[in-house]
Amino acid sequence: MAKDKPVLFTGIRPTGELHLGNYLGAIQPAATHQEQFTSYLCVVDLHAITTPYEPKKMPDLIRGITLDYLAGGIDPDKSTLFIQSHVPAHVELMWLLNTITPIGELQRMVQYKEFTKRHGDAQAGILNYPILMAADILLYKGIAVPVGDDQSQHLEMASDLAKKFNRLYGETFPIPKNTADNPPRIKALHDPSKQMAKSLGPKSYIAMTDDADTIRKKIMSAVTDTGDGNNEEMAPGVANLFTLLELSAPQETVKHMREHHQEGGLQYAELKAVLADHLIEYLKPIQERRAKLEKDPDYVVKVLTDGAERAREVADATLREVKEKMGLL
Ligand code: AMP
Ligand code: TRP
């Protein structure tokens, strides 16, 4: 694996089944950038346990995300795929960065504010969540971080911590940024005012493993135009369907549907039927790869064991450098 290429890092929490938003925000960009970057793809189990979860289900969730990465085009010969908690340096660097992180910044994070608004109170793990994310990226000196728009604020915090560490202790980390200028934010199908999310339940998303019937049903009942916007702009629900069409259909089809919409002649039922067909076809090869991999649990274990070993080597070297600079070695 080439060491001289720039580094890409991304993580996905094992908190449920993967959906199209996760795929578009994190997996697809990572898969398409594999040649250009030395890539680290991480199943971030330590982030997942900051919200309520069932310990018995965790191993299956971790295995599921690993299958999704592999089926989505991540090649373990080109990229390092591993579980966060298998590399202890993540937590150690987090503690070190913790000492230079302003509490006020953590309290300004939207994810933290939304959690406390909903639950009244939060554990320290939710507050410190972005420091662990910064440690994830910086341990590998990541500069390219494909994430959806909901993670932009956390990514900015990682950049700020890299800059601050460099200023205080000497040039150590490159400054990470997103791989996309306009990171995607796919909306929930049943409520386009929110983003498609595991936490909103299956009505909100198309899972990567949904079968053809389920995809068709979910798309056909997606909310389109609630009629409360102005006429100039496309309603968020319709815009969301077009985003998914762009993902899955040939450009010609998208162009044709857009023109048809602008002329005012497009029935939403027609748009939905076309979109459902394309999504089903689009997901088919990914689902076939996943089904094949599922039959080979030993292979998945081996990928993760090898991945953790490779990740530990790089992470431990960075941690040593950081400790030296901080006067701890
Ligand atoms: P999570 O499952 O929350 O750990 O998210 C994993 C990745 O998927 C992150 O990069 C998120 O930004 C991205 N993501 C999650 N939901 C969406 C969405 N609705 N649209 C775009 N990206 C998303
Ligand atoms: N916080 C991210 C999310 O909720 C997951 C994540 C953890 C991550 N560490 C990361 C993403 C490092 C990119 C880089 O989706």
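Residues numbered from 1 in each chain as written. Chains lettered and ligands numbered in written order. Predicted model: local features only at pLDDT ≥ 70, side-chain atom pairs only at ≥ 80, totals over all residues. Heavy atoms only, no water.

**Considering the site of ligand 2**
And step 1. Around ligand 2 lies a shell of 13 residues, among which His47, Tyr129, Met133, Asp136 and Gln151 are the nearest.
And step 2. At a separation of 2.7 Å, a nitrogen atom of ligand 2 approaches a polar side-chain atom of Tyr129.
And step 3. Asp136 is positioned such that a nitrogen or oxygen atom in its side chain is 2.6 Å from a nitrogen atom of ligand 2.
And step 4. Burial of ligand 2 by the protein chains amounts to 93% of its free accessible area of 370 Å².
And step 5. Those elements that provide at least two residues to the shell around ligand 2 are β1 (7–12) and α7 (124–139). (Near = heavy atom within 4 Å. Polar contact = N/O pair within 3.5 Å; in protein donor to acceptor, adjacent residues only side chain to side chain. Areas by Shrake-Rupley, 256 points an atom, 1.4 Å probe, with all protein chains shown as cover. Helix = DSSP H or I, 4+ residues; strand = E, 2+ residues; numbered from the N terminus.)

**As for the environment of Arg185**
And step 1. Among the structural elements, Arg185 can be located in the loop between α8 (152–169) and α9 (212–220).
And step 2. You can call Arg185 partly exposed: its relative accessible area is 39%.
And step 3. Here the alpha-carbon distance between Arg185 and Ala315, two residues 130 residues apart in the chain, equals 30 Å.
And step 4. Excluding residues that lie within four positions of it along the chain, Arg185 makes contacts with Asp149, Asp150 and Gln195.
And step 5. One polar contact links Arg185 to Asp149, side chain to side chain, over a distance of 3.2 Å.
And step 6. Engagement of the side chain of Arg185 in a polar contact is seen with the side chain of Gln195, the distance being 3.1 Å. (Buried < 20%, exposed > 50% of the residue type's maximum accessible area, 1.4 Å probe, protein only. Contact = heavy atoms within 4.5 Å.)

**A word on the pattern of salt bridges**
And step 1. Inspection of the entire model under this criterion finds 18 salt bridges.
And step 2. Asp191 is the partner of Lys194 in a salt bridge, and the nearest nitrogen-oxygen pair spans 3.1 Å.
And step 3. The partner of Asp277 in a salt bridge is Arg216, and the shortest N-O contact between them spans 2.8 Å. Within this pair, whereas Asp277 is found in helix α12 (residues 268–294), its partner Arg216 is found in helix α9, the two being separated by 61 residues in sequence.
And step 4. In the salt-bridge network here, residues are joined through shared partners; they are Glu35, Asp75 and Lys78. (Salt bridge = Lys/Arg side-chain N within 4 Å of Asp/Glu carboxyl O.)

**Overview of the packing of aromatic side chains**
And step 1. Taken as a whole, this structure holds 7 aromatic pairs when the rule is applied.
And step 2. Note on Phe82 and Tyr140: the rings are 5.7 Å apart at their centroids and 55 degrees apart in plane angle, and the pair reads as tilted. You can see Phe82 sitting in strand β3 (residues 79–83) and its partner Tyr140 sitting in the loop between α7 and α8, a full 58 residues away along the chain. As far as the burial class goes, Phe82 and Tyr140 line up, both buried.
And step 3. Among the aromatic residues, ring-to-ring pairing joins Phe9, Tyr40, Phe82 and Tyr140 into one connected group. (Phe/Tyr/Trp six-rings, centres within 6.5 Å; stacked < 30°, edge-to-face > 60°.)

Scope: geometric values only; no functional claims are made or implied.
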